[in-house]
Amino acid sequence: MHLTDDNIFRVTESVWTLILGLELQRSGPPEPDRGTERTLLGSVQIAGAWEGAGQVQCPASLARRAAATMFGVAPEAVERDQIQDALGELANMIVGNLKAFLPQPSRLSLPTVVDGVGYTVRIPGSSREVARVTMRSGGEPLVVVVHTRSTPHRATPLERAARS
Amino acid sequence: MDALVIDDSRAMRTILGGMLTDLGFRVVQATDGRDALARLAETPAARLALVDWNMPEMDGLAFIRAVRADRAYEGLKLVVVSTETEQAQMATALEAGADEYVMKPFTRAVIAEKLGLLGLAGPSA
Amino acid sequence: MKQGGGMSAADGAAFREVARELTGIALSPEKDYFVEGRLEAVARARGLSLGELAQAVRSAPRGALAQEVAEALLIAETSFFRDPGLFEVLRLQVLPELIAARRAERRLALWSAACATGQEPYSLALLLVEHFPELEGWDVDILATDLSQQALDYAASAVYTQHEVNRGLPARLLVRHFEREAMTWRPRSAVRRLVRFARVDLLRPLPPLPRMDLVLLRNMLIYHDVETKRGVLASVRGRMRSDGRLVLGSAETTLYLDAGFEPSPELGVYRVKDAPSEAPGGGAGGRPDAGAEALDRGPSAPREGVPAVDRGAPCI
Ligand SMILES: C[S@@+](CC[C@H](N)C(=O)[O-])C[C@H]1O[C@@H](n2cnc3c(N)ncnc32)[C@H](O)[C@@H]1O
C-alpha cells in the first residue's frame with residue numbers, strides 16, 4: 001500500500017474528525033492566494049527508509065477554529081502562539097500517520113510552523129512534490145502536501161539492505 | 001489521584017489534561033521528559049503519566065527508561081501517546097517499561113478504555 | 001459535489017438522530033467516521049449517495065431504510081475487551097475452571113452469540129493464545145454469530161482501523177498478535193483460525209450447534225422486550241453444557257427472566273442451573289449433539305459454513 005490522494009484524505013479526515021470533531025471534504029484547488037491572507041503552514045520531516053516532509057497549510061481563520069476546539073475556548077479568545085501550537089500538533093498527527101504508507105522504519109521531526117502573509121517555503125535540499133490534496137472544512141481550504149527529498153546520492157538496493 | 005501529562009504541544013496537553021480531569025485526576029503538565037522528571041519528583045504520589053514520544057530535550061523513550069530505572073516510581077503507570085505507530089517502535093516502548101500505548105489521533109473513549117485496562121478507570125468512575 | 005469518502009457533519013447528525021429515535025441509544029459524533037463505510041454500503045445498495053441517504057431517512061425516519069441505517073450504526077458499538085474487568089474474570093476464574101473440567105476431553109467450545117464486527121470473539125481468541133498455552137493440541141472452537149451479514153463480513157475479513165485497535169486492545173497484544181498493513185491492523189492467522197463465523201438469528205429456532213462451554217451474549221438483549229429476552233435466554237441455554245457459563249453485558253441480567261440460570265459469584269457471569277431440557281443428547285451428559293451438523297464442527301463439517309436460516313427482519 002502506498003501514498004495515494006485517497007489515503008492522504010482519509011488520514012487527514014480521521015485527525016480532523018477524532019481530534020476536532022469538524023467535518024472535512026475533498027475539494028478542487030483553492031482560489032489562488034491573493035497574497036494578502038494570513039496563512040499557516042505546519043511542517044514535519046520524515047527521515048529513515050524514506051526521506052521527505054509533509055506539510056499542512058490553511059488560512060489563519062481555520063487554524064484559529066481548530067485551535068479553539070483543542071484548547072476548549074472561544075475562537076476570539078485564542079492567542080497567536082496557541083494557533084501555531086495547534087497547527088503544529090495537527091501536522092504532527094497527519095504526517096505521522098501518513099508515514100504508515102511510506103517505507104519503514106523512519107522517524108518524525110518535531111513540527112515547525114510558519115505563520116504569515118505571502119511567504120514562500122523552501123524545503124532544505126532539493127525536493128520534489130509527490131502529492132497535494134486539497135480539502136475543505138467549514139468552507140475553508142486545507143491543503144496537505146508531501147515532498148520527497150531527492151538526495152544527490154541515491155542508495156543502491158544493496159546499500160539499503162546493508163543499512164537495515 | 002495525580003497524573004502527569006507530558007507533551008511538547010500545549011494543545012495536546014490541554015486535550016489530554018481535560019480528559020484526565022474529567023475522569024477525576026489532578027493533572028500536572030510537563031513539556032518534555034526532563035521537565036517531567038522534575039515534576040514527578042514534586043508529585044511522588046502520581047499514579048499515571050501520559051507521555052508523548054517525540055519531544056525536545058528528553059524524549060518519551062528516555063523518560064520511560066529513566067523512570068523505570070528508579071524504584072521510587074514502581075507504581076507509576078506509563079502510557080505512551082504518540083503518532084509513532086510502527087509496530088517495532090511500540091515494542092521498544094513496551095520493553096522499556098511502558099504499560100500501554102495510544103496512537104494519535106485518539107478519542108476520549110480510547111483514553112478511558114486504556115485506563116480501564118490498567119485498572120485506573122479514574123477516581124470518579 | 002462530494003467525491004469518495006467524507007460524510008458531512010449534518011448527514012452524520014441525521015443518521016444518529018434516526019438511530020436514537022428507533023432504538024433510544026444516543027451515539028456520539030466521533031463514531032461517524034467508522035460507520036461511514038457501512039452507511040456507504042447501505043447507500044450504494046440503493047444507488048444513493050450518503051447525502052441522499054441522509055435526505056431519505058430525514059423524510060421517513062421510521063421507514064425500512066431508517067431501520068437499516070440504525071442497524072448499521074448500532075453494529076459499530078463494540079470494542080476489543082469491552083468491559084476489561086469481565087475479561088479479567090474470564091482469564092482468572094472462568095476459563096481456568098472450564099479448562100480444568102475439560103482436561104480429559106481436551107475440547108472447548110465458546111460462542112460469541114452477537115459478535116457484531118468481531119472484536120469480541122477475537123478478544124476471546126487473543127486471551128486463549130496469550131494466556132493459555134496449555135490449550136495447544138486441544139480442539140478449541142470459537143463460534144461467532146450475528147444477525148447482520150454486513151457485520152459478519154467485516155468480522156471475517158478481520159481488517160480493523162487504527163481507531164478500532166486503539167480502543168480497549170492491550171498494546172502488548174497488538175504488537176504480538178496483529179499484522180499491520182498501512183493504517184489497518186489484522187489479527188495473525190494463529191488468532192484468526194480459532195474463530196469461525198456464521199449468521200444466526202437468535203430470535204429464531206437455533207441451528208444445530210456444539211454444546212457450548214461458554215457463551216458470550218452481550219449487549220444484544222438490551223434492544224429487546226422481556227418476552228423476547230426470555231425466549232433468547234431459554235434457547236441459548238438449550239445449547240449449553242450443564243456446567244457451562246453465560247456472560248451478559250454489564251447492563252443486562254438473567255434475573256427474573258430465566259430461572260434456569262443462576263448468577264455466579266463473578267459479576268456478569270451466570271451458571272446453568274437446570275439441565276437443558278429441549279435438545280436431544282443434552283443435559284448432564286455433555287457430549288455434542290449427535291445429530292448436529294450445520295454449525296457443529298464435526299470432523300467433516302465445513303469450517304465456515306453459513307447455516308440455512310432465512311433472513312429475518314433486523315431486530316434492533
Ligand atoms: C451492540 S452489538 C454487541 C456486540 C458485542 N457483543 C459487544 O458486547 O460488544 C449488538 C449486536 O447484536 C446483533 N443482533 C441484534 N439482534 C440480533 C438477533 N436477533 N440475532 C443475532 N444477533 C442480533 C446486532 O447485529 C449487533 O451486531
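Details of the structure are given in the entry above.
For the structure given in this document, a descriptive report is provided here. (Residues numbered from 1 in each chain as written. Chains lettered and ligands numbered in written order. Predicted model: local features only at pLDDT ≥ 70, side-chain atom pairs only at ≥ 80, totals over all residues. Heavy atoms only, no water.)

With an omega of 5°, the peptide bond between A:Gln104 and A:Pro105 qualifies as cis. Mapped onto the secondary structure, A:Pro105 falls in the loop between helix H3 (80-98) and strand S4 (106-108). Following B:Lys104, the chain continues into B:Pro105 via a peptide bond in cis, with omega recorded as 0°. Structurally, B:Pro105 can be placed in the loop between strand S5 (100-103) and helix H5 (108-117). At C:Arg106, a residue that is not glycine, the phi angle is positive and equals roughly 55°. Looking at the secondary structure, you find C:Arg106 in the loop between helix H5 (84-101) and strand S1 (107-112). (Helix = DSSP H or I, 4+ residues; strand = E, 2+ residues; numbered from the N terminus.)

Residue and element names in this part refer to chain B. Taken N-terminus to C-terminus, the directions of helix H1 (residues 10-22) and H5 make an angle of 55°; their axes are 10 Å apart at the nearest point. For the element pair H1 / H5, the angle class is oblique. Here the hand of the crossing between H1 and H5 comes out right-handed. Where H1 abuts H5, its residues Leu16, Met19, Leu20 and Asp22 lie against Arg108, Ile111 and Leu115. When the residues that make up the contact of H1 with H5 are grouped by side-chain class, the tally is 5 nonpolar, no polar and 2 charged. (Axes fitted to C-alpha atoms, helices over the stretch in contact; angles between N-to-C directions. Parallel < 35°, antiparallel > 145°, perpendicular 65-115°, else oblique. Left-handed = near helix turned anticlockwise from the far one by under 90°. Contact = heavy atoms within 4.5 Å. Nonpolar A, V, L, I, M, F, W, Y, C, P; charged D, E, K, R; others polar.)

Before going further, it helps to examine the packing of aromatic side chains. All names here are of chain C. All chains considered together, the criterion is met by 6 aromatic pairs over all chains. Geometrically, the ring pair formed by phenylalanine 80 and tyrosine 160 is edge-to-face, given 5.1 Å between the ring centres and 70° between the ring planes. Here tyrosine 160 lies in strand S3 (residues 160-161) and phenylalanine 80 lies in the loop between helix H4 (64-75) and H5, a separation of 80 residues in the sequence. The same class applies to phenylalanine 80 and to tyrosine 160, which are both buried. Measuring from ring centre to ring centre gives 5.9 Å for phenylalanine 80 and phenylalanine 178, while their planes differ by 85°; the resulting arrangement is edge-to-face. Placement of the pair is phenylalanine 80 in the loop between H4 and H5 and phenylalanine 178 in strand S4 (residues 178-181), with a sequence separation of 98 residues. A relative accessible area of 0% means that phenylalanine 80 is categorised as buried. By the ring-pair criterion, three or more aromatic residues cluster together here, those being Phe80, Tyr122, Tyr154, Tyr160, Phe178 and Phe197. (Phe/Tyr/Trp six-rings, centres within 6.5 Å; stacked < 30°, edge-to-face > 60°. Buried < 20%, exposed > 50% of the residue type's maximum accessible area, 1.4 Å probe, protein only.)

Residues and elements named next belong to chain C. Of all residues adjacent to the ligand, which total 20 residues, the nearest are Thr78, Arg82, Ala114, Asp146 and Asn219. Here alanine 114 contributes a backbone N or O atom positioned 2.8 Å from a nitrogen atom of the ligand. In this structure, glutamate 120 approaches the ligand through a side-chain N or O atom, which is 2.9 Å from a nitrogen atom. Contact with the protein chains covers 99% of the free accessible surface of the ligand, which is 600 Å². Of the residues that constitute the shell around the ligand, the class distribution is 10 nonpolar, 4 polar and 6 charged. (Near = heavy atom within 4 Å. Polar contact = N/O pair within 3.5 Å; in protein donor to acceptor, adjacent residues only side chain to side chain. Areas by Shrake-Rupley, 256 points an atom, 1.4 Å probe, with all protein chains shown as cover.)

Residues and elements named next belong to chain A. Running from N to C, helix H1 (residues 5-20) and helix H2 (residues 60-71) cross one another at 45°; their axes reach a closest spacing of 10 Å. Classified by the angle their axes make, H1 and H2 are oblique. Touching Trp16, Ile19 and Leu20 of H1 are Leu62, Ala66, Thr69 and Met70, all from H2. Broken down by class, the residue content of the contact of H1 with H2 amounts to 6 nonpolar, 1 polar and no charged.

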